[in-house]
Amino acid sequence: MTAAPNAEHPLNRLRLQHGWKAEAMLARIAAQHQALGYGRLSARPEKWSRWTRENAPVHPTEPTQLAIAAVVGGVTPDQVRALGWPAWIHLALRDDHTLWESPWTVAGTIEALDHTAGGHMDRRGFLTTITGGTLSAVMAHWALADPATAAATSGTRVGADVADACDTRLGALRHLDDALGAGPVYDAALAELRLLGTILRNCSYRTDTARRLFGCAAEASRIAGWCRDDSGSPIAAQAHYATALRASASGGDRTTGALITAFWANTRYAAAHDPRSALDLIDTALRTNRNAPASPRVTAMLHIRRARAHSLMGEPSPAYRAIDAALHTYESGVPTHEDLPTVYWMNTGEVLQAAGSAALSLNDPRRALSYFDTAYTHPDPYRPDIEARGAAIYAARRAEAYLALGERDAAVETTRSATTQVTGVTSDRAAQALSSLHDHLNHQGALPADTEVLVALRRAAKPTDTQDGAAPA
């Protein structure tokens, strides 16, 4: 029995986007095929049906795909070849249907991976669709979605060794991001997403391998989202976080999903200026993980992100309660080597640095300095050698606290430290924090002795090309 044409096939959605009938689009493709020097192409209606039916075994040839790309525009031949059929079509689509409306199934997750692996999300659509209601719907689906339960039986057989290799590559990416910043790492994260999408779509594997591969895809998409956020593109970052949540659900990994939620919450309160929706994300993650094996470090991160959101809403009591909860959760947790490798950087000093940021947002600079000081003197201290851009951001906030207390000399000296932390690391978040500090120092009236540090601040806070919004500070 022949499968019926699939109205949701990306090629059909692309056709409808342009307002063409299938016959008209086929005629355009045939004409372009000949114009590109590939010869004549039949435009019979059944060709369209073969391309777009459910699980269609017939794919257009590469020359035909290149002709389709030329007809619709916005996709290069290299992208067509790199992503393959039908993944590259998502680059030409101008809607966000894939991310927000696809079913929360294994097939829906693979489609979302294809969509975001191209790295070109429609900015205007996201600006209008990432609302509190959209986030609530995503989190509700995530909390209820079922993990992969069936094996894939066609294609090259892959097993735990492939999942191990993917885990190793992602671990290297995390550390490269620490050393180099988001800019150079983003393209590598997209390459991992494309590779994992290809494996999940075309290979055969057991259910346990499928879940591990989806877990890797969740981490690759989280890294990509973090890179876009740190490069000043929070809208695109949230597309990657939405895809990462889908992949974590397909992998049956609620703890990784909670980690992704913590990163998404940071984007919501810092870049989208919507701390209320950040709290909703965090609360859902904590409720969903209540009865599941969890990472103490991930849970501590959720609590400290909750503290930051409350601080930005001007709510000191719940903010300080959340700080206490973060410290208690972390200190009563397991040793680092027994926790998730994705949160190797999370320790007591990191929690205290974030607590200092919360106190500073609450206009309590003296308490902020107390947190900042303790972060370095604690037996489990903050380690600036692990992540230079974070160290620069916290040093800038420490300097802001000194300025608020009228201790200008201490602020200037701390500023010197902040400007040296980001050498060689690309980070829009760090640049924004240093730019804000420069403005505050300058506003108070620059002294002759401050000239050197102000020049260093301007260099360290050089503007970066943002894609869709201001980066969080």
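Keep in mind that this is a model prediction, so the values were computed, not measured. (Residues numbered from 1 in each chain as written. Predicted model: local features only at pLDDT ≥ 70, side-chain atom pairs only at ≥ 80, totals over all residues. Heavy atoms only, no water.)

Trainee: Can you help me understand the nonpolar core in this one?
Mentor: One broad rule of soluble globular proteins: the nonpolar side chains tend to lie buried together. Y205, L213, L245, W264, I304 and I323 are the most contacted members of the largest nonpolar core, which totals 113 residues. Beyond its immediate stretch of four places on either side in the chain, L213 contacts V158, V162, A163, L196, I199, L200 and Y205. Within the second largest apolar cluster, 23 residues are counted, among which are L66, A69, V75 and V80. (Core = buried A, V, L, I, M, F, W, Y, C linked by side-chain atoms within 4.5 Å. Buried < 20%, exposed > 50% of the residue type's maximum accessible area, 1.4 Å probe, protein only. Contact = heavy atoms within 4.5 Å.)

Trainee: Teacher, can you tell me more about the pattern of salt bridges here?
Mentor: For side chains of opposite charge, pairing can occur when their charged atoms come near one another. Tallied over the full model, the rule gives 19 salt bridges. For E62, the salt bridge is made with R81, and the minimal N-O distance between the two is 3.0 Å. Of this pair, E62 sits in helix α4 (residues 62-72) while R81 sits in helix α5 (residues 77-83), placing them 19 residues apart in sequence. E62 sits in the partly exposed class, given a relative accessible area of 41%. One salt bridge in this structure joins D364 and R367, with 3.2 Å as the shortest N-O distance. Here R367 falls in the partly exposed class, since its relative accessible area comes to 36%. (Salt bridge = Lys/Arg side-chain N within 4 Å of Asp/Glu carboxyl O. Helix = DSSP H or I, 4+ residues; strand = E, 2+ residues; numbered from the N terminus.)

Trainee: Whenever I open this one, the confidence of the model for the protein chain confuses me. Can you help?
Mentor: Low pLDDT marks stretches whose predicted atomic positions should not be read closely. Mean pLDDT for the protein chain: 84, with 85% of residues reaching 70 or above. For residues 463-473, every residue scores under 50 in pLDDT, and the model assigns this stretch 35 contacts once sequence neighbours within four places are set aside. (pLDDT = per-residue confidence, 0-100.)

Trainee: Mind showing me how you'd approach the packing of aromatic side chains here?
Mentor: Evaluation of the coordinates by the stated rule reveals five aromatic pairs. Between W226 and F263, the ring centres sit 5.8 Å apart and the planes meet at 80°, which makes this aromatic pair edge-to-face. Of this pair, W226 sits in helix α13 (residues 207-230) while F263 sits in helix α15 (residues 254-270), placing them 37 residues apart in sequence. Given a relative accessible area of 7%, F263 falls into the buried group. Pairing Y382 with Y394 gives two aromatic rings, centres 5.5 Å apart and planes at 85°, and the pair type is edge-to-face. (Phe/Tyr/Trp six-rings, centres within 6.5 Å; stacked < 30°, edge-to-face > 60°.)

Trainee: Before we go on, may I ask you to explain the side chain of D178 in this structure?
Mentor: Here D178 shows up in helix α11 (residues 160-180). As a buried residue without a salt bridge, D178 has its nearest oppositely charged side chain in R389, at a separation of 4.2 Å. A distance of 2.3 Å separates a polar atom in the side chain of D178 from a polar atom in the side chain of Y344. Among residues more than four places away in sequence, those in contact with D178 are Y344, I386, E387, A388 and R389. (Lys, Arg positive; Asp, Glu negative; His and termini not counted. Polar contact = N/O pair within 3.5 Å; in protein donor to acceptor, adjacent residues only side chain to side chain.)

Trainee: What am I meant to see in unusual backbone geometry here?
Mentor: Residues other than glycine predominantly adopt negative phi, and peptide bonds predominantly adopt the trans conformation. Even without being a glycine, H273 presents a positive backbone phi close to 55°. Mapping H273 onto the fold places it in the loop between α15 and α16 (275-288). Its identity is not glycine, yet N363 carries a phi of approximately 60°, on the positive side. Mapped onto the secondary structure, N363 falls in the loop between α19 (348-361) and α20 (365-377). Taking the relative accessible area as the measure of exposure, N363 reaches 68% and is therefore exposed.

Trainee: Would you take a moment to explain α16 for this structure?
Mentor: A turn of α-helix holds 3.6 residues, and therefore any two residues three or four places apart point the same way. Taking 1.5 Å per residue, 14 residues should reach 20 Å; α16 reaches 20 Å between its end C-alpha atoms and fits that length. All of the buried residues in α16 are P275, S277, A278, L279, L281, I282, T284, A285 and L286. Residues of α16 that are buried sit in contact with α10 (132-144), α15 and α17 (296-312). (Expected span 1.5 Å × (residues − 1).)

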